[in-house]
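Take a look at the letters that make up each chain.
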Amino acid sequence: MKRFLVYVLLVLLCFLLQTTVFQWFELAGIVPNILVIIVVSVGYMRGHNEAVLIGILCGLCVDLVYGNFIGFYAFIYMSVGYVSGYANFFYAADDFTLPIILIGIGDLLYSIVMYSLSFLLRARLHVFYYVRRIIIPELIYTVIVAIIFYKVIHSINQLLIRFETREE
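So, how was this worked out
- Residues numbered from 1 in each chain as written.
- Predicted model: local features only at pLDDT ≥ 70, side-chain atom pairs only at ≥ 80, totals over all residues.
- Heavy atoms only, no water.
- Helix = DSSP H or I, 4+ residues; strand = E, 2+ residues; numbered from the N terminus.
- Rg over C-alpha atoms; globule rule 2.2 N^0.38 Å.
- Buried < 20%, exposed > 50% of the residue type's maximum accessible area, 1.4 Å probe, protein only.
- Contact = heavy atoms within 4.5 Å.
- Areas by Shrake-Rupley, 256 points an atom, 1.4 Å probe, with all protein chains shown as cover.
- Lys, Arg positive; Asp, Glu negative; His and termini not counted.
- Charge placed at Lys NZ, Arg CZ, Asp CG, Glu CD.
- Phe/Tyr/Trp six-rings, centres within 6.5 Å; stacked < 30°, edge-to-face > 60°.
- Lys NZ or Arg CZ within 6 Å of the ring centre and 35° of its normal.

## Some details on the overall build of the chain
Part 1 of the reasoning: Regarding its fold elements, the chain presents six helices and zero strands.
Part 2 of the reasoning: What you see for the chain is a C-alpha radius of gyration of 16 Å, in line with the 15 Å of a compact globule of 168 residues.
Part 3 of the reasoning: Overall size of the chain, expressed as C-alpha extent along the three principal axes, is 55 × 30 × 30 Å.
Part 4 of the reasoning: For the chain, the proportion of its 168 residues judged to be buried stands at 43%.
Part 5 of the reasoning: By sequence separation, contacts in the chain at least 24 residues apart represent 74% of the contacts at least 6 residues apart.
Part 6 of the reasoning: Accessible area for the chain stands at about 9500 Å²; split by element, carbon and sulfur atoms hold 72% of it.
Part 7 of the reasoning: Computed over 10 positive and 10 negative side-chain charges, the inter-centroid distance for the chain is 6 Å.

## Quick notes on the packing of aromatic side chains
Part 1 of the reasoning: Counted according to the given criterion, the structure contains eleven aromatic pairs.
Part 2 of the reasoning: Geometrically, the ring pair formed by Tyr-44 and Tyr-91 is edge-to-face, given 5.2 Å between the ring centres and 75° between the ring planes. In this pair, Tyr-44 sits in helix H2 (residues 34-46) while Tyr-91 sits in the loop between helix H4 (72-84) and helix H5 (97-118), placing the two residues 47 residues apart along the sequence.
Part 3 of the reasoning: By relative accessible area, Tyr-91 is classed as partly exposed at 25%.
Part 4 of the reasoning: For the pair Phe-72 and Tyr-73, a centre-to-centre distance of 5.2 Å together with 85° between the ring planes defines the contact as edge-to-face. There is no split in this pair, since Phe-72 and Tyr-73 are both buried.
Part 5 of the reasoning: Following the ring pairs from residue to residue traces out a cluster consisting of Tyr-44, Tyr-91, Phe-96 and Tyr-150.
Part 6 of the reasoning: Geometry around Phe-163 places Lys-2 over its ring, the cationic atom sitting 5.8 Å from the centre.
Part 7 of the reasoning: Residue placement shows Lys-151 over the ring face of Phe-96; its charged tip is 5.7 Å from the ring centre.

Pasting the structure below:
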């Protein structure tokens, strides 16, 4: 129960950071996707189930504020969380390189699905423009921000593990 409450607070805090504070740090109209960082990090550290839960929470936050209908972003973040949960098999507490690479892959997956569902299905075929102007810059910006955020999320996970082992 403590872990779930911490996840809810973490998602809300990061959603607020992404939609308010990081708007001041946008570069060429690009803001890092902190919610993808959370979803992939939890998937890497905790597995499918918790990453899907975090993905749904992140997606519902975005759906409620920016979405045209409920469930679009929840499905996308949930899918990214499910795929990133496969990396839990390779989890090592002292490795910080693999999760950063996985966050980059998760952001790339998110951007491709967003392009496919938002633009490609409406016959907007400016693929190279979208890749050059949105996908690549967001990927780079998200990976740079992930270096800091992953360490924070990893520390929170280690604290929760200590509290869980103390209670047993």
